Amino acid sequence: MRRLVPAAMFIGLGLIWGSSFLWIKIALREVSPATLLTWRMTLGAIPMVVLLPFLGRRLPTAPGSLASLALLGLINTALPIFLISWGEQYIDSGSAAVLNSMAPLFSVMIAGVLLRTEPLTVLRVGGVLLGFGGVLLLASREFALRPDSSTLIGLAATATAALSYAAGGSYARHLKGMHRFEVAAGSLVFAAIYAWAFAASVGGGISVPTQPGPIIALLWLGLIGSFIAYLIYFTLIEQFGATVAVMVTYLFPVVGVALGVTFLGELLDLRLVVGAALVVLGIVVVTLRYDQVVSLLNRRRRRS
């Protein structure tokens, strides 16, 4: 039974975040990306702050901690979610799911090229190239479906969101002195503050949806896709490490594409399937360690 719990959490998180791209598309039928971000962050932050004392935690008050959470709330929460919502106005939700799963590929590049905290091995470079090959296939597919500049905007926004997630993840690993649930709550609170300020100033204001579909979508994105998902994600990190938790991105393309095709009538063609497969394969390759590959090869030699 103990082994089933982490597996259920892992699969559950993959289903939650993988299906978020469907719900974003539904919410955008009535509300703007700025409004979507505002309600999602608010509905995620409020229950997280209420729950925090019951977990024996509280929001940090030290200026340095608040500054760290403010930056994390921007680059790891508010900015990527807004960019995905903006991008999904112009591209399929399935394509957005595949593009968002590129975050581990960007993480490898940041760690190997910019931070130099991890070696940029031939294996990892190969994985990155595989992943970007899949992205090029997706880009050609989207341009074939919608041959205009808005498609480029959608692709660029969604890919930049993955880069932002990667940068946020790299930054979060260096936060010291804060419990993971405090980090989760703080990042959601600051993301909500940014969302309200942006929507009120340049985002066209905040509207209240009236149609059942967008209302359900926003409630789901806030309460399940943000609040519950953050609890599961940071629990996985705490108990099994960031490497295991980030593997949930393997499920994004499968879940996102399947739901987009089934419920939104999005086109399932060869370029989408092959592109998604290349991105997932690239993620698998970059998350493999050299010692794991050597061990696997040695086992096969002994068996033969």
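This write-up is about the structure you can find in this document.

The rules behind these values
Residues numbered from 1 in each chain as written. Predicted model: local features only at pLDDT ≥ 70, side-chain atom pairs only at ≥ 80, totals over all residues. Heavy atoms only, no water. Helix = DSSP H or I, 4+ residues; strand = E, 2+ residues; numbered from the N terminus. Rg over C-alpha atoms; globule rule 2.2 N^0.38 Å. Buried < 20%, exposed > 50% of the residue type's maximum accessible area, 1.4 Å probe, protein only. Contact = heavy atoms within 4.5 Å. Areas by Shrake-Rupley, 256 points an atom, 1.4 Å probe, with all protein chains shown as cover. Axes fitted to C-alpha atoms, helices over the stretch in contact; angles between N-to-C directions. Left-handed = near helix turned anticlockwise from the far one by under 90°. Nonpolar A, V, L, I, M, F, W, Y, C, P; charged D, E, K, R; others polar. Phe/Tyr/Trp six-rings, centres within 6.5 Å; stacked < 30°, edge-to-face > 60°. Salt bridge = Lys/Arg side-chain N within 4 Å of Asp/Glu carboxyl O. Expected span 1.5 Å × (residues − 1). Patch = residues over 30% accessible without salt bridge, like charges linked within 9 Å, V, L, I, M, F, W, Y side chains within 5 Å. Core = buried A, V, L, I, M, F, W, Y, C linked by side-chain atoms within 4.5 Å. Lys, Arg positive; Asp, Glu negative; His and termini not counted. Parallel < 35°, antiparallel > 145°, perpendicular 65-115°, else oblique.

Turning our eyes to something else, we now look at the overall build of the protein chain. In terms of helices and strands, the protein chain carries 13 helices and zero strands. The order of α-helices and β-strands along the protein chain, N terminus first, is α-α-α-α-α-α-α-α-α-α-α-α-α. Taking 19 Å as the expected radius of gyration for a compact globule of 304 residues, we find that the protein chain reaches 19 Å, a close match to that expectation. Counting only C-alpha atoms and orienting by the principal axes, one finds that the protein chain spans roughly 65 × 50 × 40 Å. Burial status across the protein chain gives 48% buried among its 304 residues. Taking the intrachain contacts of the protein chain between residues at least 6 apart in sequence as the baseline, contacts between residues at least 24 apart amount to 88%. Carbon and sulfur atoms provide 69% of the accessible area of the protein chain, an area that totals close to 14,500 Å².

Axis separation between helix α2 (residues 33-51) and helix α8 (residues 180-201) bottoms out at 8 Å; the angle between their running directions is 145°. The two elements α2 and α8 meet at a crossing, and its hand is left-handed. Every residue of α8 that contacts α2 at A34, L37, T38, M41, T42, G44, A45, M48 and V49 is listed here: A184, A185, L188, V189, A191, A192, A195, W196, F198 and A199. Of the residues contributing to the contact of α2 with α8, the split by class is 16 nonpolar, three polar and no charged.

In the structure shown here, the tally under the stated rule is 11 aromatic pairs. Ring centres 6.3 Å apart and planes at 65° place the aromatic pair W86 and Y90 in the edge-to-face group. By relative accessible area, Y90 is classed as partly exposed at 22%.

To continue, consider the pattern of salt bridges. Under the criterion given, the structure shown has five salt bridges. The salt bridge involving R146 is made with D92; its shortest N-O contact spans 2.4 Å. In this pair, R146 is assigned in the loop between α6 (122-145) and α7 (149-172) and D92 in the loop between α3 (63-87) and α4 (93-100), connecting sequence segments 54 residues apart. R146 sits in the partly exposed class, given a relative accessible area of 25%. Here the salt bridges do not stand alone but share partners, grouping D92, R141, E142, R146 and D269 into one network.

Tracing the sequence through the fold places S107 in helix α5 (residues 103-114). For S107, a relative accessible area of 16% puts it in the buried group.

Here the focus is α5. Between the first and last C-alpha of α5 there are 15 Å, a value that for 12 residues agrees with the 16 Å anticipated at 1.5 Å per step. Once α5 finishes, R116 follows within two positions and takes phi at roughly 55°, a positive value.

Taking 1.5 Å as the rise per residue, α2 with 19 residues should run 27 Å; its terminal C-alpha atoms sit 27 Å apart, in good agreement. Turning to α2, its buried residues number three or more, namely P33, A34, T35, L36, L37, T38, R40, M41, T42, G44, A45 and M48.

Residues M109, V113, L114, L115, L120, V125 and L129 make up a contiguous nonpolar surface patch of about 630 Å² in total accessible area. Among the elements that make up the nonpolar patch, the one with the highest residue count is α5 (three residues). Within the fold, V113 resides in helix α5.

Ranked by size, the top nonpolar core spans 77 residues in total, and within it W17, L36, M48 and M102 carry the most contacts. Those residues within four positions of L36 in sequence are excluded, and the remaining contacts are I24, A27, L28, V31, S85, L218 and L221.

So, on to the side chain of E182. For E182, the location among the structural elements is in helix α8. Buried within the structure, E182 lacks any salt-bridge partner; its nearest side chain of opposite charge belongs to R57, at an N-O separation of 4.2 Å.

Moving on: the packing of α5 against α7. Running from N to C, α5 and α7 point in directions that differ by 55°, and their axes come no closer than 8 Å. The angle between the axes of α5 and α7 places the two elements in the oblique class. Judged by the sense of rotation from one axis to the other, the crossing of α5 with α7 is right-handed. Counted together, A103, F106, S107 and I110 of α5 and A159, A162, L163, Y165, A166, A167 and S170 of α7 form the full contact between these two elements. A breakdown of the residues in the contact of α5 with α7 according to their chemical character gives nine nonpolar, two polar and no charged.

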